[in-house]
Amino acid sequence: MFSQQIVNGILLGSMYALLAISYTLVLGVLNMLNLAQGEILTAGALVACAILSAGGSMPAALFASVLVCIALSLLVEFFCLRLPRGDTQVVTTIAMGMILQNVYTGLWGSESIKFRGLSSGFAIRISTLEFNATQILLLAITAALMIALSLLIDRSRFGREMRALSDNRTAARVSGVNIGRVTVLTFALSGLIAGISGVMAGMVFTSVTAFTGGTIGDKAMVAMVIGGTGSAFGAGIAGIILGIVEILSVGYLGAEYREIVVFPLLILFLWLRPSGIFGKGRVERA
Amino acid sequence: MNVYYTGLFVTFLINVLCALSVYVILKSGQISVGNAGFMAVGGYVAGILSTVYGLGIPASVAAGSAAAALCGAVVGIPALRLKGTYLVIGTISFTAMIRSIAQVLDITGGAMGLKGMKRIGILWIVIFAVLVIALLFLFEKTRYGLDVEAVAADSEAAAAAGVRVILIKVLSFTLGAAIAGIAGGCYAHWTQYIEPSDFSTSVSTMMVLPVILGGRNRIAGAVLGAAVFTILPELLRFASVWRMVIYGVLVIAIVIVKPDGLISGRKRHA
Amino acid sequence: MLEIRNLSQYYGEFCALKDISFDLGENEILGIIGQNGAGKTTLINSITGLGGRPSGTVRLDGTDILGKRPDTIARLGVARTFQNLRIFRGMTVREHLLVAQNRKLSPGRKLLPNFRNTEDAGVDALLEFFDILRFRDDDAEGLSYGDRRRVEMARALAGSPKLLILDEPGAGMNEQESEVLASQIREIRERFHTAIILIEHDMSIIRACCERIIVLDHGQKIAEGSFEQIAADREVQRAYLGEEDA
Amino acid sequence: MKKLLSVVMASCIALSLCACAASPAAPTAAPAETESGYKLGVAIPLSGMGSSAAKMELVGITMAVNEINEAGGIGGKKLSFETVDTSGDPKEASNALRKLASENVLAVVGPHYTGEAEVCYPIGDELGLVEIALACSMPGLSDGYQYGFRNIATEDQIAEKVLKKWVEDYDIKTVAIISDVKAAVAKSIGEDILPGMFADLGVEVLTLQSPVTYQTGDVDFSAQITKVKALEPDGIALGSLAGDALNIIAKAREQGLKQPFVGTAPLLEGVLDKKGGEDTQGTYAGSAFCLTPESEKAQKFIEDYRALAPTMYAEVSSDPLHYCANAYDAVYMIAEAIEKQGVSGAAADVKTDRDLIRDYLAGLKDFDGVNSKGFDENHSGIKDIYVLKIEGDQWVVVE
């Protein structure tokens, strides 16, 4: 049973990893914490769920979810980053999260909606462990995303501009980085990831509610800090570690101990190493 | 005053205390989105003292506030190392930790919450609120108030001028936490039932929004913000399901139009 | 008054200051000159505790202040201005001086609501001295560049320091203003009994005020002496006029 | 000048807000407020978690009020009601209660949840205002309150009948219990009621030493299902709300668990039958209401509901749940109290009217309602319990 719990931990962890990656992009590059990110994921999940239950195909659902999430991310970028002044950005993203969550409860109500996932019975059995199609897909996508993003950030021109912006905003502007373009693209990218994560969440948890994104969002934020800002790889690994820690504490201690384990871990990191395990970004401290 | 308006008035007073607790910390340049955690400590300690140990309500609210102040100092010291976004994450996770502790312990009633507190007199809540406002008003007139403003403006330059920056920052956190503790104690004895989910992250943000909305550099700003935040939900009751959506849109609109809040004038030192 | 022995400062492998030593007597005005990036500001940042982790020894009137927190050092009587103007946003000129004065008051006095009281006399005199009394209750942020520099100097002096460090106070001043500044600096020493460390590019101010001058180049002290001595020093010429096969 | 402008602007905003607050929100879908009528209060969570159940309750209340008024009202006077949304939050519920009290309502139908009732019952006693809560089935909740009632059977009454039938039908020897640790009523079912009942029935509870728990609204149940799978029980019992139950059962089936599930009243609140599909077939639960009742009064209620519901809310389900019947009967019980006690309804003697209603309801044991008979000495609802099972996409009565 222990090994199966580890597998459960990895699967839950990769959900946190996916969202943590989209968090760390925005925070790493623009030093802005988008607390509405969880709710954007929910939008993706709900849209995909609606399309699937209306008989649409999986690719159609995935495409629609990504489209909606990118649109919402750009909305957040405009109303919560570009317009308001520096220190009120935190407040505006929280307000945006509140708006989105209540729109979902308004439209879809507060019940959980069954997510018609992959119907293929395909599964791999390794000794006692069993991975069904959804779980394999999730692991593949998480790994692919972590590698792709790390390459993007380290190798591509856009990645270099993102890193320049995250190191020193004024220096970046002076050396010709088009701040506006990079900001919008970073948000669009995080929207893309949120869209994919939304569909994955639906498949893994087999049902979606208006509150799905919120619960994953809090944990993803923890993973992002522990993993290290601006490092997709770090966020990914930390997300998975967090998933395992949570599943084991729920499995062996009981559900009420779940937060007790996760949040002190975060505070320890914030205190000792705010830049996280793989943190590249220079962390602004007192 | 009939029953409904007294209920609303008390909610207003508690919202004022909550807003002021964020105001005091924000005044020293630190934004804390975790004051619901201090409020929880204040509420639970006061609740337990008055139900299990039979302490008088005002005394237990004061004790709850002291316990919250202690937490404020404990959070304030590591907070020195964090700025902006990281302080927000740190304070959010502090509240989450307090919530999970309250959920596990038996003395706090776990997930079922703490009940049986007797009703606090409205007069006592008024006294606490007026006391806090008066103290803050006077404190801002003193030279320490000036130090706080300097630290918020530029902590390095303030240090170079001899201001004890670390003392001021930790003091602000402690004071803010104490005020949130009072709010928690009053809330616990007014609704006579508290549970961990009463102190969620969204409650913390509901404590921050009034200060940013009303005006973060004037006590009057925080009080006005609290008034707007008490009356708005009652006004929007007709919109039931879409109430919170309008609420959120309003907040974003005001923050963009009036970044300094409704009252943004500076107060001069006599 | 101030003893500095082999003060060094490394940021990672980059060596910002290397083995700098010099003394400063009571009421002496010491000039520090050098090209941009020579390490002038890094030096005074290390002395006033705003730099990284310097090594070596810095003693003020016998007490070791290296590595202490900036506010502790300030309270020991060291005041400074900043090269890039650190004005308190949203505070009046008078409030700037009151903040610096606060460190002289006992905690008890600081808790009294400060109605019009005697400390104000000191404030007004300083504002008068720097000719900015008329801006007394205006927001300091709104003043002209030169006036904001004077506010910084007034703030530094409001805490009645033993040692005043001025970081390019003359930057951006015309001929006439520089002369006024030079005379003010000399008068500060007499009226406020402070030793002064003056970092400046404007040689006219340096010549007018400083008995002794230190020249920094690439984080090292390459010369020390009176204005005439360092003007004649070959090393200084090489540093200033660029490589030249002497 | 700029400062003056912002202060003026601030004060006029504050003023306009206070002015609007004075006029309470307009009542919804209620017949016009006649001068000499009887006025009831309704406090249900129209927004937030319980919104779909609350909409059903409002349909039931509106049906009862319309029927009474069409039949000539009470002694010729019309009945009306004012609705306030509690959004399922105890603090809002207490505000709503105080608001209704200030409107001189004679009694309140609501609140909905256990958490809300725990806060509102002490306030109801303090204000002297009868409350008939609709969906808080935790045992002992309304004990000792004078004005606090609830028109719902307690969990232990329901569990007793359901478990016995479930154990017999599926020949259960060992059971695993999955229990919520957050929602009060689900937690008390999972931790206090189920273990004891199973012990009395001679069924071994495998999760006694290390309980399998989760928190309301969790998104992932893989850890819990893996643990239960390893125990290999004959059946699985749920101390859960409907939403979580749907997720748990779906996850269990996905991991290959075939065992039958059992729960109590909360399982009926959600859409376990409609949305469960294959996964939830054969799941047992209990309630004080079913869609194929014998009494024609209940059958008429269901038909009337199906007629009125679509006109009020597009997305509310066409099958009424027991909350709807609880609310419907609550209105009739209050109306009966008004009639039998000669309540005047005038603003002057609202205090005495409220006490008359309380006294009547406290002694009401023989009420002929759709699914209500009155209140026991702890003010909990007296109901006959039906054992239900999911067949197809419906809860059907188990003979």
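Note that the structure is predicted; figures quoted are calculated from it, not measured.

Undergrad: Could you give an account of the overall build of chain D, naming the residues involved and the relevant values?
TA: Secondary structure summary: chain D contains twelve helices and 15 strands in total. What you see for chain D is a C-alpha radius of gyration of 23 Å, in line with the 21 Å of a compact globule of 399 residues. Dimensions along the principal axes, computed over C-alpha positions, put chain D at roughly 70 × 65 × 40 Å. Taking all 399 residues of chain D together, 61% fall into the buried category. Partitioning the contacts of chain D with sequence separation of at least 6, the portion at a separation of at least 24 is 70%. Summing over all exposed atoms, chain D offers an accessible surface of approximately 14100 Å²; the carbon and sulfur share of this is 56%.

Undergrad: Describe the overall build of chain A, naming the residues involved and giving the relevant values.
TA: Counting its secondary structure elements, chain A contains eleven helices and four strands. For chain A, the C-alpha radius of gyration of 18 Å lies close to 19 Å, the compact-globule estimate for 286 residues. The proportion of buried residues among the 286 residues of chain A is 58%. Long-range contacts, defined here as pairs at least 24 residues apart, represent 75% of the contacts in chain A between residues at least 6 apart. Summed over its atoms, the accessible surface of chain A is roughly 10400 Å², and 68% of this surface lies on carbon and sulfur atoms. Looking at chain A, you have 18 positive and 13 negative side-chain charges, and the mean spots of the two groups are 10 Å apart.

Undergrad: How would you sum up the pattern of salt bridges? Please name residues and give values.
TA: All names here are of chain D. Taken as a whole and assessed by the stated rule, the structure comprises 35 salt bridges over all chains. A salt bridge links Glu 82 to Lys 39, with the shortest nitrogen-to-oxygen separation between them at 3.4 Å. Residue Glu 82 is found in strand E2 (residues 79–85), and its partner Lys 39 is found in strand E1 (residues 38–44); the two are separated by 43 residues along the sequence. Across the pair, Lys 39 and Glu 82 agree in class, each one buried. When the shortest N-O distance is used, the salt bridge between Lys 389 and Glu 391 registers 3.4 Å.

Undergrad: So what about the interface of chain B and chain A? Which residues, and what values?
TA: On the side of chain A, 42 residues touch chain B, which itself brings 40 residues to the contact. Of the roughly 3700 Å² buried between chain B and chain A, counting both surfaces, carbon and sulfur atoms make up 79%. For chain B, the biggest contributors to the area lost against chain A are B:Arg81, B:Tyr86 and B:Ile89; these three give 19% of the whole. Across the contact surface, chain B and chain A share zero salt bridges. For the interface between chain B and chain A, the tally reads zero residue pairs in polar contact (both at pLDDT 80 or more). Looking at the side of chain B that touches chain A, the elements with two or more residues in it are helix H3 (57–79), helix H4 (84–104), helix H9 (201–214) and helix H11 (243–257) of chain B. In terms of residue class, the side of chain B that touches chain A is made up of 30 nonpolar, six polar and four charged.

Undergrad: Describe the domain arrangement of chain D, with residues and values.
TA: Residue and element names in this part refer to chain D. Here chain D is described as being made up of domain 1 (2–153 + 294–384) and domain 2 (155–287). Across the contact, 14 residues belong to domain 1 and 13 residues belong to domain 2. In total, domain 1 and domain 2 occlude about 1200 Å² of area from one another, counting both sides; carbon and sulfur atoms represent 55% of this. Counting across the interface, domain 1 meets domain 2 through zero salt bridges. Taken together, the connections running from domain 1 to domain 2 amount to one residue pair in polar contact (both at pLDDT 80 or more).

Undergrad: Describe the state of the cysteines, and please don't skip the residues or the numbers.
TA: All names here are of chain B. Going through the model one piece at a time under the given rule, you end up with zero disulfides over all chains. With no disulfide of its own, Cys 71 lies 16 Å from the sulfur of Cys 18, the closest cysteine sulfur. With a relative accessible area of 19%, Cys 71 lands in the buried category.

Undergrad: Could you give an account of the sheet that holds strand E10 (residues 220–225) of chain C, naming the residues involved and the relevant values?
TA: Residues and elements named next belong to chain C. In space, the six strands of this open sheet follow the order E6-E7-E8-E3-E9-E10, with mixed pairing throughout. Of all the strands in the sheet, just strand E6 (78–80) and E10 have a single pairing partner and so form its edges. Neighbour-to-neighbour, the strand axes of the sheet open up by a mean angle of 20 degrees, direction not taken into account. With five bridges joining them, strand E9 (residues 212–217) and E10 adopt antiparallel strand pairing. Within the sheet, the bridge partner assigned to Asp 217 lies in E10 and is Gln 220. On top of the sheet, helix H6 (residues 145–158) reaches E6 and strand E7 (163–167); it is set at about 165 degrees to E7, its chief contact.

Undergrad: Requested: an account of the nonpolar core, with residues and values cited.
TA: One finds A:Leu33, A:Ile216, A:Met224, B:Leu20, B:Phe38 and B:Ile89 to be the most contacted residues of the largest nonpolar core, which totals 173 residues. It is helix H1 (residues 2–30) of chain A that provides the largest number of residues to this core, a total of 15 residues. Excluding residues that lie within four positions of it along the chain, A:Met224 makes contacts with A:Ala20, A:Tyr23, A:Thr24, A:Leu27, A:Leu33, A:Thr229 and B:Ile89. Counting residues in each nonpolar core, the second largest holds 82 residues, with D:Ala54, D:Ala64, D:Ile178 and D:Cys324 among its members.

Undergrad: Residues and numbers for the packing of aromatic side chains, please.
TA: Counting across every chain of the model gives 17 aromatic pairs over all chains. Look at B:Tyr187 and B:Phe199: their rings are 6.3 Å apart centre to centre, the planes differ by 80 degrees, and that puts the pair in the edge-to-face class. You can see B:Tyr187 sitting in helix H8 (residues 165–191) and its partner B:Phe199 sitting in the loop between strand E2 (193–194) and H9, a full twelve residues away along the chain. For the pair B:Tyr187 and B:Phe199, a shared accessibility class is recorded, and that class is buried. Seen in terms of ring centroids, D:Phe301 and D:Tyr328 are 4.7 Å apart; in terms of plane orientation they differ by 55 degrees. Their pairing is tilted. Of this pair, D:Phe301 sits in helix H10 (residues 296–312) while D:Tyr328 is found in helix H11 (residues 322–340), placing the two residues 27 residues apart along the sequence. Each member of the pair, D:Phe301 as well as D:Tyr328, is classed as buried. An aromatic cluster is defined as three or more aromatic residues linked by ring pairs; in this entry it consists of D:Trp166, D:Tyr170, D:Phe198 and D:Tyr284. Just above the ring of C:Phe82 sits the side chain of C:Arg86; from NZ or CZ to the centre is 5.3 Å.

Undergrad: Give a detailed account of empty space enclosed by the protein, specifying residues and quantitative values.
TA: All names here are of chain B. Scanning the entire structure with this criterion turns up eight cavities of 30 Å³ or more. Tyr 23, Val 24, Lys 27, Leu 136, Phe 139, Glu 140, Gly 145, Val 148, Ile 168, Leu 171, Ser 172 and Leu 175 are the residues that line the second largest cavity. At four residues, the largest contribution of residues to the lining of the second largest cavity is made by H8. Residues belonging to the lining of the second largest cavity are distributed by class as follows: eight nonpolar, two polar and two charged.

Undergrad: So what about the packing of helix H3 (residues 58–82) of chain A against helix H8 (residues 179–205) of chain A? Which residues, and what values?
TA: Residue and element names in this part refer to chain A. In contact at an axis separation of 7 Å, H3 and H8 are set at 140 degrees when each is read in the N-to-C sense. Taken as axis vectors, H3 and H8 run oblique relative to one another. Remark: the crossing between H3 and H8 carries right-handed chirality.

Undergrad: With reference to specific residues and values, describe the sheet that holds strand E4 (residues 55–60) of chain C.
TA: All names here are of chain C. Spatially, the four strands line up as an open sheet ordered E2-E1-E4-E5, and their pairing is antiparallel. Pairing within the sheet leaves two strands with one partner each, and these edge strands are strand E2 (14–24) and strand E5 (63–64). The strands touched by helix H1 (residues 40–47) are strand E1 (2–11), E2 and E4; relative to E1, the strand with the most contacts, the crossing angle is about 110 degrees.

Undergrad: So, H11(D): which residues are in play, and what are the values?
TA: All names here are of chain D. With 19 residues, H11 ought to run about 27 Å at 1.5 Å a step, and its terminal C-alpha atoms sit 26 Å apart, in line with that. A large share of H11 lies buried, amounting to 15 of its 19 residues. A positive backbone phi angle near 60 degrees is found at Gly 342, which sits one or two residues after H11.

Undergrad: Any details on the arrangement of the chains? Residues and values, ideally.
TA: Of all five pairs of chains that touch, the greatest number of contacts is found between chains A and B. Separated without contact, chain C and chain D have their nearest C-alpha atoms at a distance of 14 Å.

Undergrad: Kindly report on the environment of A:Ile136, identifying the contributing residues and their values.
TA: All names here are of chain A. Turning to its location among the elements, Ile 136 is positioned in helix H5 (residues 133–155). Relative accessible area serves as the criterion here: at 25%, Ile 136 is assigned to the partly exposed category. Between the C-alpha atoms of Ile 136 and Val 261, which are 125 residues apart in sequence, the distance is 28 Å.

Undergrad: I'd like a description of the pairing of E2(D), backed by residues and values.
TA: The side chains of a regular strand alternate between the sheet's two faces. Residue and element names in this part refer to chain D. Taking burial as the measure, the seven residues of E2 include seven buried ones, the bulk of the element. Burial along E2 is two-sided: the residues Leu 79, Phe 81, Thr 83 and Asp 85 and Ser 80, Glu 82 and Val 84 are all buried. Judged from the seven bridges that link them, E1 and E2 form a sheet pairing that is parallel. Residue pairing for E2: Ile 44 is matched across the bridge by Asp 85.

Undergrad: How would you explain a nonpolar patch on the surface if you had to name every residue and give the values?
TA: A contiguous nonpolar patch, built from A:Met1, A:Phe2, A:Tyr252, A:Leu253 and A:Tyr257 and spanning about 500 Å² of accessible area, is present on the exposed surface. Take A:Leu253: it is sitting in the loop between helix H10 (232–252) and helix H11 (258–272).

What counts and how
Residues numbered from 1 in each chain as written. Chains lettered and ligands numbered in written order. Predicted model: local features only at pLDDT ≥ 70, side-chain atom pairs only at ≥ 80, totals over all residues. Heavy atoms only, no water. Helix = DSSP H or I, 4+ residues; strand = E, 2+ residues; numbered from the N terminus. Rg over C-alpha atoms; globule rule 2.2 N^0.38 Å. Buried < 20%, exposed > 50% of the residue type's maximum accessible area, 1.4 Å probe, protein only. Contact = heavy atoms within 4.5 Å. Areas by Shrake-Rupley, 256 points an atom, 1.4 Å probe, with all protein chains shown as cover. Lys, Arg positive; Asp, Glu negative; His and termini not counted. Charge placed at Lys NZ, Arg CZ, Asp CG, Glu CD. Salt bridge = Lys/Arg side-chain N within 4 Å of Asp/Glu carboxyl O. Buried area = accessible area lost by both parts, 1.4 Å probe. Polar contact = N/O pair within 3.5 Å; in protein donor to acceptor, adjacent residues only side chain to side chain. Nonpolar A, V, L, I, M, F, W, Y, C, P; charged D, E, K, R; others polar. Domains from an automatic or database assignment. Disulfide = S-S within 2.5 Å. Pairing = 2+ DSSP bridges. Axes fitted to C-alpha atoms, helices over the stretch in contact; angles between N-to-C directions. Core = buried A, V, L, I, M, F, W, Y, C linked by side-chain atoms within 4.5 Å. Phe/Tyr/Trp six-rings, centres within 6.5 Å; stacked < 30°, edge-to-face > 60°. Lys NZ or Arg CZ within 6 Å of the ring centre and 35° of its normal. 1 Å grid on protein atoms, 1.4 Å probe; cavity = no way out; pocket = protein on both sides within 12 Å on 5 of 7 lines; lining within 4 Å. Points joined across faces, edges and corners; volume = space filled by probe spheres on them. Parallel < 35°, antiparallel > 145°, perpendicular 65-115°, else oblique. Left-handed = near helix turned anticlockwise from the far one by under 90°. Expected span 1.5 Å × (residues − 1). Patch = residues over 30% accessible without salt bridge, like charges linked within 9 Å, V, L, I, M, F, W, Y side chains within 5 Å.

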